[in-house]
Amino acid sequence: MSTLRTVFRREPVLIIAALAALISCFLIPPDDHYLEYIDWRTLALLYCLMVAVSGLRRALLFTHMAHTLCSTASSVRVMGFVLVGLCFFSSMLMTNDVALITFVPFAVAVMILAGRKRELIWIVVLQTVAANLGSMLTPMGNPQNLYLYSFYDLSFRDFISATLPVWALSGILLILACVLLPGGKITTDLGEAPGLDRRLLALYLGIFGICLLCVLRILSWPVMLAAVIAVLLFLDRKTLLKADFMLLLTFVAFFVFSGNLARLDFADTLLRKVLEGREYWTSLLTSQVISNVPAALLLSGFTRQSHALLLGVNVGGLGTPVASLASLISLKLYSRSSGAATGRYLLVFTAVNVLFLILLSAVVFLAQP
């Protein structure tokens with residue numbers, strides 16, 4: 001029982017998805033159609049992108065970038081702009097969770113070193129919002145984007161046209177939020193920036209480029225996967241196991257569950273009726289309860305309104321702490337810092353997320369034909 005509790009605490013979404021898939025298997029016994037449920041392109045892209053980003057982190061690219069930019073900050077406000085901006089822009093390429101894993105600990109260290117713990121909560125909360133909203137712009141920004149991009153067979157241009165207006169507005173709102181930080185001078189001695197591992201940097205920029213060619217549909221996913229595995233087998237074998245395999249298994253479980261659900265006539269009819277004309281709001285509210293990645297996987301099979309669903313699960317990453325699992329990463333990282341005020345953090349987190357959720361949803365509502 002103790003082991004089960006530990007596993008559930010570490011991977012609650014995977015356990016719930018696996019149980020849902022298992023129950024659905026009793027309703028629709030396994031057959032040849034099960035293999036058709038799996039979106040192999042999404043899984044291959046997710047794996048290769050995770051490997052590429054892991055390699056770039058090992059090359060110290062992101063740490064070097066953060067160190068260099070923060071060394072030039074002269075005030076708390078400028079530091080806030082830098083730390084929040086890093087999450088907003090980097091999440092478009094390295095995913096929202098990796099952006100937070102990389103830059104939240106850096107923010108905690110810098111602000112504590114500067115003796116500005118009071119502003120730390122505001123900055124970490126804004127970093128979390130920035131990573132969740134900044135990642136919406138591109139297909140590789142987060143797992144639900146990559147899946148919906150593949151599932152609906154969207155072109156890169158079509159995808160960007162759907163997300164760009166809300167992404168741009170999000171950036172403006174984050175700038176206004178950062179302006180609220182005090183303008184007082186800040187003094188930090190970060191020392192010399194860590195040196196880049198240029199061999200690893202060149203290798204994983206190349207692998208990231210291969211992934212990007214697949215995202216743009218210039219390369220097929222089997223060619224991309226074969227190329228990445230072949231390169232790493234020869235040059236950096238240990239990185240092959242650096243992907244988040246629990247996330248990949250979660251996707252597989254949800255593919256099975258949603259695929260079986262679609263074959264149940266009453267469930268298919270009910271979900272299509274619920275979603276019709278309410279794709280944005282249904283996906284947004286569903287995200288608040290089960291988080292936005294499962295919401296995208298669950299609802300996509302019952303509507304062809306890709307843009308509304310795409311915006312719903314991305315804006316739906318705001319709100320409750322579980323709306324985006326990346327938000328839980330920030331909470332965990334902050335709560336481990338010296339003198340953490342977790343209760344105050346949750347209050348600020350909720351207030352900021354709800355405000356952004358209302359403002360962005362109001363714009364989406366007014367923009368609807």
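Values in this document were obtained by computation on a predicted structure and should not be read as measured data.

On to the packing of helix 5 (residues 61–70) against helix 7 (residues 96–113), then. Here helix 5 crosses helix 7 at 35 degrees, and the two axes come no closer than 10 Å. In this structure, helix 5 crosses over helix 7, and the sense of that crossing is right-handed. Each of Phe-62, Met-65, Ala-66, His-67 and Cys-70 in helix 5 lies in contact with helix 7, whose residues at this interface are Thr-102, Phe-103 and Phe-106.

Here we come to the nonpolar core. Ranked by internal contacts, the top residues of the largest apolar core, which has 130 residues, are Met-224, Phe-251 and Val-315. Here the element with the most residues in this core is helix 4 (residues 40–58); it accounts for twelve residues.

On to a nonpolar patch on the surface. On the surface, Leu-212, Leu-213, Leu-216 and Ile-218 cluster together into a nonpolar patch covering about 320 Å² of accessible area. Residue position: Leu-216 is located in the loop between helix 11 (198–215) and helix 12 (221–235).

What follows deals with the packing of aromatic side chains. Aromatic ring pairs are described here by two measures, namely the spacing of the ring centres and the angle between the planes. Going through the model one piece at a time under the given rule, you end up with 13 aromatic pairs. Measuring from ring centre to ring centre gives 5.1 Å for Phe-88 and Phe-89, while their planes differ by 85 degrees; the resulting arrangement is edge-to-face. Owing to a relative accessible area of 5%, Phe-88 belongs among the buried residues under this scheme. A relative accessible area of 47% means that Phe-89 is categorised as partly exposed. Residues Phe-89 and Trp-167 carry aromatic rings whose centres are separated by 6.2 Å and whose planes lie at 75 degrees to one another, so their mutual orientation is edge-to-face. With Phe-89 in helix 6 (residues 76–94) and Trp-167 in helix 10 (residues 156–179), this residue pair connects regions lying 78 residues apart in the sequence. Classification of Trp-167 by relative accessible area gives buried; the value is 14%. An aromatic cluster is present here, built from Tyr-147, Phe-151, Tyr-152, Phe-251 and Phe-255 joined pairwise through their rings. Positioned over the ring face of Tyr-149 is Arg-217, at 4.5 Å from the centre of the ring.

Here we come to the confidence of the model for the protein chain. Per-residue pLDDT for the protein chain averages 89, and the proportion of residues at 70 or more is 95%. Ranking the helices and strands of the protein chain by mean pLDDT puts helix 17 (residues 306–315) first, with 96, and helix 1 (residues 2–10) last, with 64.

The next point concerns the pattern of salt bridges. By the definition in use, this model includes four salt bridges. The salt bridge involving Arg-58 is made with Asp-236; its shortest N-O contact spans 2.7 Å. Of this pair, Arg-58 sits in helix 4 while Asp-236 sits in the loop between helix 12 and helix 13 (245–262), and the two are 178 residues apart along the sequence. Residue classification places Arg-58 among the partly exposed positions, given a relative accessible area of 28%. Between Arg-217 and Asp-153 there is a salt bridge, and its shortest N-O distance comes to 3.3 Å. Note that Arg-217 is positioned in the loop between helix 11 and helix 12 and Asp-153 in the loop between helix 9 (143–151) and helix 10, a separation of 64 residues in sequence. Exposure remark for Arg-217: the relative accessible area of 32% places this residue in the partly exposed category. What makes Asp-153 exposed here is its relative accessible area of 56%.

Rules used throughout
What you see as residue numbers is a count from 1 along each chain, following the sequence as written. Local features in this predicted model are restricted to residues whose pLDDT is 70 or higher, and side-chain atom pairs enter the listing and the counts only when it is 80 or higher, whereas totals over whole chains, interfaces and linings include all residues. Hydrogens are left out, water is left out, and the side-chain values use all remaining heavy atoms of the structure. Angles shown run from 0 to 180 degrees and are taken between the N-to-C directions of axes, each axis being a line fitted to C-alpha atoms and, for helices, limited to the stretch in contact. By definition, any uninterrupted DSSP run of H or I lasting at least four residues is a helix, any uninterrupted run of E lasting at least two residues is a strand, and each is numbered from the N terminus. Less than a right angle of anticlockwise turn of the near helix away from the far helix marks a crossing as left-handed, whereas a clockwise turn marks it as right-handed. The contact criterion used throughout is that any non-hydrogen atoms of two residues lie within 4.5 Å. Only buried Ala, Val, Leu, Ile, Met, Phe, Trp, Tyr and Cys residues count toward a nonpolar core, and they belong to the same one when joined by side-chain atoms within 4.5 Å. With a 1.4 Å probe rolled over the protein chains alone, any residue whose accessible area is under 20% of its type maximum counts as buried; one over 50% counts as exposed, and the rest are partly exposed. Only residues whose relative accessible area exceeds 30% and that form no salt bridge enter a patch; like-charged residues are grouped when within 9 Å of one another, and nonpolar side chains (Val, Leu, Ile, Met, Phe, Trp, Tyr) when within 5 Å. To be clear on the numbers: accessible area is Shrake-Rupley with a 1.4 Å probe, and residue cover counts the displayed protein chains and nothing else. Salt bridge, as applied in this entry: a Lys or Arg side-chain nitrogen positioned within 4 Å of an Asp or Glu carboxyl oxygen. The criterion for an aromatic pair is that two Phe, Tyr or Trp rings (for Trp, the six-membered ring) have centres within 6.5 Å, with stacked assigned to planes under 30 degrees apart, edge-to-face to planes over 60 apart and tilted to the rest. Geometrically, a charge over a ring is one whose NZ (Lys) or CZ (Arg) sits within 6 Å of the ring centre while staying within 35 degrees of the ring normal. Summary of the metric used: pLDDT quantifies the predictor's per-residue confidence within the range 0 to 100.

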